[in-house]
Amino acid sequence: MKFGDRIRYARECLDISRNDLAKKLQLSYFTLSKYETSEREPDFQTLLRISQALHVTTDFLLGNDTGQTNLALSEAEQSFLLQYRVLSLQAKDRIRNQLNFEFIQQQQK
């Protein structure tokens, strides 16, 4: 996956429009479009702002995230994690509790 694909993927997983992300980053729609199509690359400061806005690491955006985990995640799992990262602490607790409940139920079968 190319740099631009990773930006677009993370943005879409968070259900953020290109226009909304551009506004949040104080970039033009055109500039963000060029990033997402890999026709241009941002400077370091903009790369950092993009990663923060999308709740991903700069390593993820640059395609250098292979050493972070030994697990290969499906697109659905990656999407889940991106969405999880932006939840409130209370919402994260509810998700973890539900996941633990489901895991225990599964183990008892």
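It should be noted that the structure appears before, not after, this text.
Each chain has its residues counted from 1, following the order in which its sequence is written. In keeping with the predicted nature of the model, local features appear solely for residues at pLDDT of at least 70, side-chain atom pairs appear and are counted solely at 80 or more, and the whole-chain, interface and lining totals rest on all residues. Each side-chain value is derived from all of the structure's non-hydrogen atoms; neither hydrogens nor water enter the calculation.

Once that is clear, we can look at the overall build of the chain. Numbered from the N terminus, helices here are DSSP runs of H or I no shorter than four residues, and strands are runs of E no shorter than two. Looking only at helices and strands, one finds 7 helices and 0 strands in the chain. Listed by position from the N terminus, the elements making up the chain come as α-α-α-α-α-α-α. Expressed as lengths along the three principal axes of its C-alpha atoms, the size of the chain is roughly 55 × 30 × 20 Å. Looking at the chain residue by residue over its 109 residues, the buried ones come to 32%. By definition in these notes, contact holds between two residues if any of their heavy atoms fall within 4.5 Å. Of the contacts formed within the chain by residues at least 6 apart in sequence, a portion of 57% connects residues at least 24 apart. With the model as given, the accessible surface of the chain reaches about 7,700 Å², and the carbon-plus-sulfur share is 51%. In the chain, 15 positive and 14 negative side-chain charges are present, and the distance between their average locations comes to 4 Å. Think of it in three bands: with a 1.4 Å probe and only protein chains considered, a residue is buried below 20% of the maximum accessible area for its type, exposed above 50%, and partly exposed in between. Each accessible area is a Shrake-Rupley result for a 1.4 Å probe, and residues are judged covered by the shown protein chains and nothing else. In this tally, Lys and Arg are treated as positive and Asp and Glu as negative; His is ignored, and so are the chain termini. Taken as the charge location is NZ of Lys, CZ of Arg, CG of Asp or CD of Glu.

Within helix 2 (residues 18-25), the full set of buried residues consists of Arg18, Leu21, Ala22 and Leu25. Down the axis of helix 2, the smallest arc covering the buried residues is 100°, so these residues share one side. Across from the buried face of helix 2, at angles greater than 90 degrees, the exposed residues are Lys23 and Lys24. Each element contacted by the buried residues of helix 2 is listed here: helix 1 (3-13), helix 3 (29-36) and helix 4 (44-54). Gln26 occupies a position one or two residues after helix 2 and carries a positive phi of about 60°. Each direction from the helix axis to a C-beta atom contributes to the arc, which is the arc of those directions.

This part is about the pattern of salt bridges. The salt bridge definition used is simple: a Lys or Arg side-chain nitrogen within 4 Å of an Asp or Glu carboxyl oxygen. According to the stated counting rule, one finds 5 salt bridges in the structure shown. A salt bridge links Arg11 to Glu36; the nearest nitrogen and oxygen atoms lie 2.6 Å apart. Residue Arg11 is located in helix 1, and its partner Glu36 is located in helix 3; the two are separated by 25 residues in the primary sequence. Here Arg11 falls in the buried class, since its relative accessible area comes to 7%. The shortest N-O distance in the salt bridge between Arg18 and Glu36 comes to 2.8 Å.

Core analysis: the biggest nonpolar cluster contains 20 residues, and Ile7, Ile50, Leu54, Val56, Leu61 and Leu82 have the highest contact counts within it. At the level of secondary structure, the elements contributing two or more residues to this core comprise helix 1, helix 2, helix 3, helix 4 and helix 5 (58-62). Looking at this core, the element that brings in the most residues is helix 1, giving 5 residues. Residues contacting Ile7, with those up to four places away along its chain left out, are Leu32, Tyr35, Glu36, Ile50, Leu54 and Leu61. Residues belong to one nonpolar core when they are buried, are Ala, Val, Leu, Ile, Met, Phe, Trp, Tyr or Cys, and are joined through side-chain atoms within 4.5 Å.

On to the packing of aromatic side chains, then. The geometry of an aromatic ring pair is captured by two quantities: the separation of the ring centres and the angle between the planes. Pairing of aromatic rings covers Phe, Tyr and the six-membered ring of Trp, with a centre-to-centre limit of 6.5 Å; geometry is then stacked below 30 degrees between planes, edge-to-face above 60, and tilted otherwise. Under the criterion given, the structure shown has 1 aromatic pair. Ring centres of Phe80 and Tyr84 lie 6.4 Å apart, and the angle between their planes is 20°; on these two criteria the pair is classed as stacked. Taken together, the residues Phe80 and Tyr84, both in helix 6 (residues 75-85) and 4 residues apart, mark about one turn of the helix. With a relative accessible area of 19%, Tyr84 lands in the buried category.

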